[in-house]
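Each chain is listed here by its residues.
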Amino acid sequence: MTEAWLPGTVRRLGGWAVGNSRGTDFAVSRRCRHQFADLSEGSIDADGCLVCPWHQSRYDVTTGRMVSGPRGFLGWHGPTPGYTQLIRGLGRVVPLRVGRVVREAGRMVVRPRER
Ligand code: FES
């Protein structure tokens, strides 16, 4: 499949955050498991994880699982010992939905992936 997005980019496609991590297209549901920030406004870090734009929770885009918890809450941006680990635990139990990016009739669309 031809890559749809430039490496390291994230964009919105309907209810999905789509992009390219380490040369592979991905699609995950858009709402962060912490406080529902729009992950299509996030970024890709050096490890290929999707980083939330609000408190920097990190997600594995292949599984949808949160791999690092938030660094803050609401308007606070900084260390939150205990709370960060609690939210990460939740993010592992309830991962983001993971989709499959496909081209149909000349358009890029996302189809839910079976778990
Ligand atoms: S809303 Fe995503 S880390 Fe807080």
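Before reading on, note that the structure itself is shown above.
Procedures and definitions
- Residues numbered from 1 in each chain as written.
- Predicted model: local features only at pLDDT ≥ 70, side-chain atom pairs only at ≥ 80, totals over all residues.
- Heavy atoms only, no water.
- Helix = DSSP H or I, 4+ residues; strand = E, 2+ residues; numbered from the N terminus.
- Buried < 20%, exposed > 50% of the residue type's maximum accessible area, 1.4 Å probe, protein only.
- Patch = residues over 30% accessible without salt bridge, like charges linked within 9 Å, V, L, I, M, F, W, Y side chains within 5 Å.
- Areas by Shrake-Rupley, 256 points an atom, 1.4 Å probe, with all protein chains shown as cover.
- Salt bridge = Lys/Arg side-chain N within 4 Å of Asp/Glu carboxyl O.

A closer look at unusual backbone geometry
Even without glycine at this site, Gln 56 takes up a positive phi of about 65 degrees. Position of Gln 56 among the secondary structure elements: in the loop between β5 (50-51) and β6 (58-59). In this structure, Ala 105 is a non-glycine residue whose phi angle is positive, near 50 degrees. Turning to its location among the elements, Ala 105 is positioned in the loop between β10 (98-104) and β11 (107-112). Overall, the relative accessible area of 85% leaves Ala 105 in the exposed class.

Some points on a nonpolar patch on the surface
Taken together, the side chains of Phe 73, Leu 74 and Trp 76 define a hydrophobic patch exposed on the protein surface, amounting to about 340 Å² of accessible area. Take Trp 76: it is sitting in strand β9 (residues 76-77).

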